[in-house]
Protein chains: 2
Amino acid sequence: MSGEFDFIRRFLAHFPAARVPVGPGDDCAVLPPSRGAQCVTTDAVVEDVHFTRAAFSPADIGHKALAVNLSDLASMGATPRWFVCALALPKDYPLRELTGLARGMAALATAHRIALVGGNFTSARELSVTITAAGELSRAPLTRAGARPGDLLYVSGTLGDARLGLEHLRAGLRRGAAVRRQRRPEPRVALGLLASRHASAALDVSDGLAQDLGHLCTASGVRAELEVERLPLSAAVRKALGPEGALAGGEDYELLLAVPPGRSRAFERACATGGHAITRIGHFTEGRGWVGRDRTGRVLPPPEGFDHFRPRAMD
Amino acid sequence: MSGEFDFIRRFLAHFPAARVPVGPGDDCAVLPPSRGAQCVTTDAVVEDVHFTRAAFSPADIGHKALAVNLSDLASMGATPRWFVCALALPKDYPLRELTGLARGMAALATAHRIALVGGNFTSARELSVTITAAGELSRAPLTRAGARPGDLLYVSGTLGDARLGLEHLRAGLRRGAAVRRQRRPEPRVALGLLASRHASAALDVSDGLAQDLGHLCTASGVRAELEVERLPLSAAVRKALGPEGALAGGEDYELLLAVPPGRSRAFERACATGGHAITRIGHFTEGRGWVGRDRTGRVLPPPEGFDHFRPRAMD
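Just so it is clear, the structure is predicted and the values come from calculations on it, not from any experiment.

**Student:** Describe the relation of the copies chain B and chain A, with residues and values.
**Tutor:** Relative to chain A, chain B is turned by 180 degrees and slid 0.0 Å along the rotation axis, the superposed coordinates differing by an RMSD of 0.0 Å. Taken together, the turn and the small shift mark the pair as related by a two-fold rotation axis. When each C-alpha of chain B is compared by its distance to the rotation axis, S34 of chain B comes out closest, at 2.9 Å.

Next comes the structure, spelled out in structure tokens:
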């Protein structure tokens, strides 16, 4: 067997066998007809853009590559079903690192019961992992376009930690909660599924709340009033970045949710029961764009967003 | 709007709007439930591995990136339905080249009526295009595992032209039929659909017939007897590479098909009616591996296969 086929075999060995009519190894995977509508997303992580091999372990890279895709499925309220993984590897990429990458990815895949059904290897100058993931809907999807004036605005977890983790990594720190949030984002799949019973709109916060809230407002044709003092921040983020830094920070992979006022109590109760941390951080009105206000009601200037496409030097 | 979103908008503008519940622009595309089983494949083309920007126009790159995925769908007998496209672009990639790439891809997508439903942009040091494509089956899939002793072996089109085209490009030639086969492979989608009514097994010849016939034999647990003098070769390939070179050559994107003897006449007739060039090049027996024989029955030594994972310097 040639190098490519041997690599594929070794990579696949870390994943549970997919229960599909035809799995990896043929020209295509074959999947049974889906009962519900399908959600599909594709997302890549690229060396020196989204991670460095100095600051991320191979398992971190494998985890993050899948996590960012699962986060997109979560934001639609979909149940993860299958994914395919296209790996571009430098010619000298060590087999033990490929093993680590597979293990990190397989652990997250197993936790979310999503099956690896196919993949592709190619050589490249830099390491990158491009995943396409699909989930199934059991009710209407949570799009960005469903928010209505009067809806309440919620966000899950805490904001800014991944950005702080990036700053820690750039400064040479290799441990701590913030670094872990940067390396190992946890997609909010269970919350997305729960939210699909209550929310009118959702997206995952990948480019920073400032930018992503703008997307939600634009897609829904509404305006958001954000109570900046209510932003859920860890003590470390509050101290190091403040609310403005947390708003601009990217890669939170938290869910931003619009919930009609009549559903908010049921939603909050269901989150409490399910152990999902959520915080109400504002509401929607008629209009366009969003505005942040401090506790005195004063309008705050919007922070600059976060865009992976702009050059980022990590180390 | 930031650079990334502007790029996405401009790229999408070249494609017809996808008729799906949720198209590009949300966290996921939403697709209606599929009636039949689904085929899914993922394949990447990477700068300086699968193409160079000196030898391929942007439209060539866009065409080829989609074509190699459509070829995988063709080999299963699937009807193309949707695809997602992850682009990794160097920071200085010119907008007019992105336009060319989109146009080349959109023309092929339109020809095969496959809808672009989502995508992703990221920066990278080298240009790469990673596509995940899905098709729908109306009957059982054509896998690699279905060939049985007694089945006849067919191949579509001609072999070796893409390899010859690669040699021409390396030598500085920029025109001609062989160069076109290398730059603009034509996926055999209609033939795959037709073959799914007759054939017992199929794959697309991407790594060279020598290697891919080996995959078919291994997956099916059979042996192939290849009549080397029957290989369909263009005059240019016969002169420049000979049958051995055509066997080793890669990127043919022709279909290799196993057809039960009782179906062969109907299959050949249907191909003639549909205008699909196919050639019977051997048959399957009990055993393992494959053997090539010349017209005297002498066994020929197997040529070395083709593996993109091995370093290739194109220019």
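**Student:** Requested: an account of the domain arrangement of chain A, with residues and values cited.
**Tutor:** Accessible area lost when the parts come together is the quantity often used to give the size of an interface. Residues and elements named next belong to chain A. Examined at the domain level, chain A breaks down into domain 1 (3-136) and domain 2 (152-297). A separation of 26 Å is found between the C-alpha centroids of domain 1 and domain 2. The interface is formed by 22 residues belonging to domain 1 together with 19 residues belonging to domain 2. Of all residues in domain 1, H63, K64 and S75 bury the most surface against domain 2, accounting for 26% of the area lost on that side. Across the salt bridge formed by R183 and D60, the nearest N and O atoms sit 3.4 Å from each other. Between domain 1 and domain 2 we count seven residue pairs in polar contact (both at pLDDT 80 or more) in total.

**Student:** Outline the packing of helix α2 (residues 58-76) of chain A against helix α3 (residues 95-111) of chain A, listing residues and values.
**Tutor:** Residue and element names in this part refer to chain A. Viewed as axis vectors pointing N to C, α2 and α3 meet at an angle of 35 degrees, and their least axial separation amounts to 6 Å. The handedness of the crossing between α2 and α3 comes out as right-handed. From α2, P58, A59, I61, G62, H63, A65, L66, A67 and L70 reach across to α3, where they touch E97, G100, L101, G104, M105, L108 and A109. Here the contact of α2 with α3 is composed, by residue class, of eleven nonpolar, four polar and one charged.

**Student:** Let's hear about the sheet that holds strand β5 (residues 128-136) of chain A: which residues, and what values?
**Tutor:** A sheet is described by the order of its strands in space; here five strands give the open sequence β4(A)-β3(A)-β5(A)-β2(A)-β1(B), paired in mixed fashion. Each of the sheet's edge strands pairs with one partner strand only, and the pair in question is β4 (115-123) of chain A together with β1 (29-31) of chain B. Averaged over all neighbouring strand pairs, the angle between strand axes comes to 20 degrees, with direction disregarded. One ladder, built from nine bridges, connects strand β2 (residues 38-46) of chain A with β5 of chain A; its direction is antiparallel. Each bridged residue has a counterpart across the sheet, and for T41 of chain A the counterpart in β5 of chain A is A133 of chain A. Strands in contact with α2 of chain A are β2, β3 (79-89) and β5 of chain A together with β1 of chain B; relative to β2 of chain A, the strand with the most contacts, it is inclined by about 150 degrees. Sheet strands in contact with α3 of chain A are β3, β4 and β5 of chain A, and its direction is about 170 degrees off that of β3 of chain A.

**Student:** Explain the UniProt feature "binding site: Mg(2+) 5" (unreviewed entry) in chain A to me, using residue names and the numbers behind them.
**Tutor:** Residue and element names in this part refer to chain A. UniProt records the feature "binding site: Mg(2+) 5" (unreviewed entry) for D207 in the present numbering. In this fold, D207 is placed in the loop between β7 (201-205) and α7 (209-220). Exposure remark for D207: the relative accessible area of 12% places this residue in the buried category.

**Student:** Which residues make up the pattern of salt bridges, and what values go with them?
**Tutor:** In a structure, side chains of opposite charge can pair up when their charged atoms sit close to one another. Across all of its chains, the model carries 36 salt bridges over all chains by this definition. With a shortest N-O distance of 2.7 Å, R144 of chain B and D27 of chain A are connected by a salt bridge. Taken as a pair, R144 of chain B in the loop between β5 (128-136) and β6 (152-156) and D27 of chain A in the loop between α1 (3-12) and β1 (29-31) lie in two separate chains rather than in one. Accessibility classification places R144 of chain B together with D27 of chain A in one group, the buried group. Across the salt bridge formed by E97 of chain B and R53 of chain B, the nearest N and O atoms sit 3.9 Å from each other. Taken together, the residues span a long stretch of sequence, with E97 of chain B in helix α3 (residues 95-111) and R53 of chain B in the loop between β2 (38-46) and α2 (58-76) at a distance of 44 residues.

**Student:** Residue-level account of the sheet that holds strand β10 (residues 278-285) of chain B, with values.
**Tutor:** Residues and elements named next belong to chain B. Within the open sheet, the seven strands sit side by side as β7-β9-β6-β10-β8-β11-β12. Their pairing is mixed. Because the sheet does not close on itself, it has two edges, and the strands there are β7 (201-205) and β12 (299-300). With five bridges joining them, β6 and β10 adopt antiparallel strand pairing. Residue pairing in the sheet places Y154 in a bridge with R280 of β10. The strands touched by α2 within the sheet are β7 and β9 (254-259), with β7 carrying the most contacts at an inclination of about 165 degrees.

Quick notes on the rules
Residues numbered from 1 in each chain as written. Chains lettered and ligands numbered in written order. Predicted model: local features only at pLDDT ≥ 70, side-chain atom pairs only at ≥ 80, totals over all residues. Heavy atoms only, no water. Least-squares fit on C-alpha atoms with pLDDT ≥ 70 in both. Domains from an automatic or database assignment. Contact = heavy atoms within 4.5 Å. Buried area = accessible area lost by both parts, 1.4 Å probe. Salt bridge = Lys/Arg side-chain N within 4 Å of Asp/Glu carboxyl O. Polar contact = N/O pair within 3.5 Å; in protein donor to acceptor, adjacent residues only side chain to side chain. Axes fitted to C-alpha atoms, helices over the stretch in contact; angles between N-to-C directions. Helix = DSSP H or I, 4+ residues; strand = E, 2+ residues; numbered from the N terminus. Left-handed = near helix turned anticlockwise from the far one by under 90°. Nonpolar A, V, L, I, M, F, W, Y, C, P; charged D, E, K, R; others polar. Pairing = 2+ DSSP bridges. UniProt positions renumbered as here; feature names shortened; annotations may be inferred. Buried < 20%, exposed > 50% of the residue type's maximum accessible area, 1.4 Å probe, protein only.

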